[in-house]
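Spelled out, the chains give:
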Amino acid sequence: MSTIDAQADTLPLGGPSLPQERRLVTELPGPRSAEILARKASAVPAGVGHTVPVAAVAAGGGVVVDADGNSLIDLGSGIAVTTVGSAHPKVAAAIAAQAAQFTHTCFMISPYESYVEVAEALNRLTPGDFAKKSALFNSGAEAVENAIKIARKHTGRQAVVAFDHGYHGRTNLTMALTAKAMPYKSGFGPFAPEVYRAQASYPFRDGLSGAEAAARTILQLEKQIGADNLAAVIIEPIQGEGGFIVPADGYLPAIVEWCRANGVVFIADEVQTGFGRTGAMFASEIFGIEPDLITTAKGIAGGMPLAAVTGRAEIMDASHSGGLGGTYGGNPVACAAALAAIDAYETEGLLERA
Ligand SMILES: *Cc1c(COP(=O)(O)O)cnc(C)c1O
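Nothing here was measured: the structure is a model prediction, and the numbers come from that model.

Thresholds, definitions, all that
Residues numbered from 1 in each chain as written. Predicted model: local features only at pLDDT ≥ 70, side-chain atom pairs only at ≥ 80, totals over all residues. Heavy atoms only, no water. Core = buried A, V, L, I, M, F, W, Y, C linked by side-chain atoms within 4.5 Å. Buried < 20%, exposed > 50% of the residue type's maximum accessible area, 1.4 Å probe, protein only. Helix = DSSP H or I, 4+ residues; strand = E, 2+ residues; numbered from the N terminus. Contact = heavy atoms within 4.5 Å. Pairing = 2+ DSSP bridges. Axes fitted to C-alpha atoms, helices over the stretch in contact; angles between N-to-C directions. Salt bridge = Lys/Arg side-chain N within 4 Å of Asp/Glu carboxyl O. Near = heavy atom within 4 Å. Polar contact = N/O pair within 3.5 Å; in protein donor to acceptor, adjacent residues only side chain to side chain. Areas by Shrake-Rupley, 256 points an atom, 1.4 Å probe, with all protein chains shown as cover. 1 Å grid on protein atoms, 1.4 Å probe; cavity = no way out; pocket = protein on both sides within 12 Å on 5 of 7 lines; lining within 4 Å. Sits in = over half its atoms within 2 Å of the grid points. Nonpolar A, V, L, I, M, F, W, Y, C, P; charged D, E, K, R; others polar. Right-handed = clockwise from strand over helix to strand, strands pointing away. Parallel < 35°, antiparallel > 145°, perpendicular 65-115°, else oblique. Left-handed = near helix turned anticlockwise from the far one by under 90°.

1. What about the nonpolar core?
Nonpolar side chains in soluble globular proteins generally cluster together in the buried interior.
Phase 1: With 54 residues, the main nonpolar core has Leu136, Leu177, Ile267, Phe275, Leu293, Leu306 and Val309 as its most contacted residues.
Phase 2: Take this core: its biggest share by element is ten residues, from helix H13 (residues 332-347).
Phase 3: Setting aside residues up to four positions removed in sequence, Ile267 forms contacts with Ala147, Ile148, Ala151, Ala232, Val233, Ile234, Ile235, Leu293 and Thr295.
Phase 4: Judged by nonpolar contacts, the second largest core, of 27 residues, contains Leu221, Val233, Cys259 and Ile289.

2. Structural notes on the sheet that holds strand S3 (residues 71-73)
Phase 1: Ordered by their spatial adjacency, three strands build an open sheet running S1-S2-S3, and the pairing between neighbours is antiparallel. The open sheet has two free edges, formed respectively by strand S1 (56-60) and S3, since each of these has just one partner strand. Here the average twist between neighbouring strands, direction ignored, is 25°.
Phase 2: Of the strand pairs in this sheet, S1 and strand S2 (residues 63-66) are connected by four bridges, and their pairing is antiparallel. From the neighbouring strand, Ala56 faces S2, where its bridge partner is Asp66.

3. Some thoughts on the pattern of salt bridges
Phase 1: With the rule as written, the count across this model stands at ten salt bridges.
Phase 2: The residue Lys180 makes a salt bridge to Glu241 at a minimum N-O spacing of 2.5 Å. Linking Lys180 in the loop between helix H7 (172-177) and strand S6 (195-198) with Glu241 in the loop between strand S7 (230-235) and helix H10 (251-261), this pair joins segments that are 61 residues apart in sequence.
Phase 3: Exposure remark for Lys180: the relative accessible area of 36% places this residue in the partly exposed category.
Phase 4: Within the structure, one salt-bridge network assembled from shared partners comprises Lys90, Asp343 and Glu348.

4. Considerations on the site of the ligand
Phase 1: Close contacts around the ligand come from Ser139, Gly140, Ala141, Tyr167, His168, Gly169, Glu236, Asp269, Val271, Gln272 and Lys298, and that covers them all.
Phase 2: Between a nitrogen atom of the ligand and a main-chain N or O atom of Tyr167, the distance comes to 3.4 Å.
Phase 3: In this structure, an oxygen atom belonging to the ligand sits 2.7 Å away from a side-chain N or O atom of Lys298.
Phase 4: About the coverage of the ligand: the protein hides 81% of its 380 Å² of free accessible area.
Phase 5: One can see that the ligand is located within the largest pocket.
Phase 6: Within the shell around the ligand, the residues separate by chemical class into three nonpolar, five polar and three charged.

5. Here we look at the pairing of S6
Phase 1: The sheet contact formed by strand S5 (residues 159-163) and S6 spans four bridges and is parallel. For Val161, the partnering residue across the bridge sits in S6 and is Tyr196.
Phase 2: At this point the chain moves from S5, through H7, to the parallel S6, and the crossover so formed is right-handed.

6. Description of the sheet that holds strand S8 (residues 265-269)
Phase 1: Here we have seven strands laid out as an open sheet, ordered S4-S10-S9-S8-S7-S5-S6, and mixed in their pairing. Here the strands that pair on one side only, and so sit at the sheet edges, are strand S4 (132-137) and S6. Across the sheet, the mean angle separating the axes of adjacent strands is 20° when strand polarity is ignored.
Phase 2: Sitting on the sheet, helix H5 (residues 113-125) is in contact with S4, strand S9 (293-296) and strand S10 (307-312), with an inclination near 130° to S4.
Phase 3: Here helix H9 (residues 210-224) sits on the sheet and contacts S5, S6 and S7; the angle it forms with S6, its principal contact strand, is near 150°.

7. Description of the packing of helix H4 (residues 89-101) against H13
Phase 1: Look at H4 against H13: their axes get within 8 Å of each other, and the N-to-C directions meet at 155°. Taken together, the axis directions place H4 and H13 in an arrangement best described as roughly antiparallel. Two packed elements cross with a definite hand, and for H4 against H13 that hand is right-handed. Mapping the contact onto sequence places Lys90, Val91, Ala94, Ile95, Gln98 and Ala99 in H4 and Pro332, Val333, Ala336, Ala337, Ala340, Ala341, Asp343 and Thr347 in H13.
Phase 2: Its residues assigned to classes, the contact of H4 with H13 comprises ten nonpolar, two polar and two charged.

8. So, the packing of H5 against H13
In a packed pair of helices, the relevant descriptors are the angle between the two axes and the axis-to-axis distance.
Phase 1: At their nearest, the axes of H5 and H13 sit 9 Å apart, and the two run at 35° to each other. In the crossing of H5 with H13, the sense of the turn from one axis to the other is left-handed. Contact with H5, carried on its side by Ser114, Tyr115, Glu117, Val118, Ala121, Arg124 and Leu125, involves Pro332, Cys335, Ala338, Leu339, Ile342 and Glu346 of H13 and no other residues of that element.

The quantities given are spatial measurements derived from coordinates; they are silent on function.
What follows is the structure, given as structure tokens:
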């Protein structure tokens, strides 16, 4: 009998049936968590850190239960992922049903309907009343990488602008886009070329109006790069990892307008702000902007690894056939979870309740 079989009967069931309470029955970490963390220290490299020193065995609604039976309030929420709740019953049921049907074919070998349905839902839900298409990937960083690939192919240009305090992921290109050295970049270079950094709007610190901050950004872009060389501007509508920075009113619309006038693809990285995180389905709606491309991940699939690039059909179609994709991108189990999570956002009043 494996450890998992032996434990199965004694583990609490996850999902919203877990008592929604804070309950400490040992000191933290308890003996069982301490033992697992000691094994982690010898089996897992130090670079893979953790924030809370407990080992999870169940999570549901808004609590995480650890290996010693402590029940903790889930402020981590899967790092901005489990917006519909951990183990949402519709998500869990959709995953189980799809896993029993088939776990994987690779969409690039044998396509299936759920991927198409997720694409249709994203095309419908994202801001902008124009023809859109979506491609699915595994992680936020992978979506960002693909948005840049698509923008470069569409424009025939190479330069990309990201912003002070921006966060876009941990792969090589997305490290280059990310602003913060520690812990994301330090010692991991060299980074991808043709990535430039500009100042965004940070009204709390710079005191500039949206129009003034946009003029500063645009001057930097025109002086230091030149619009003719610029494929894309990528920005989080509200910066997340950089410190929850809300731009001044009018800043984002002015940047979008400049991009449009200069043939530059405006990419909104909504990996963190998407799916109800700011009270709207997408933060772009709050600022009245319609990005050319939007990257999504985190809240998209109730905790399953899934990500997407959604955008104007003519930009999304720039790549030759076979130029976009990957072994697991849009995996059917993750797509089933996404359809259930999107259903929860739409039918359970989650935006109104945010
Ligand atoms: C988390 C995050 C990413 C990276 O997503 P991963 O799934 O961790 O690769 C990219 N952009 C933003 C804004 C994020 O918050």
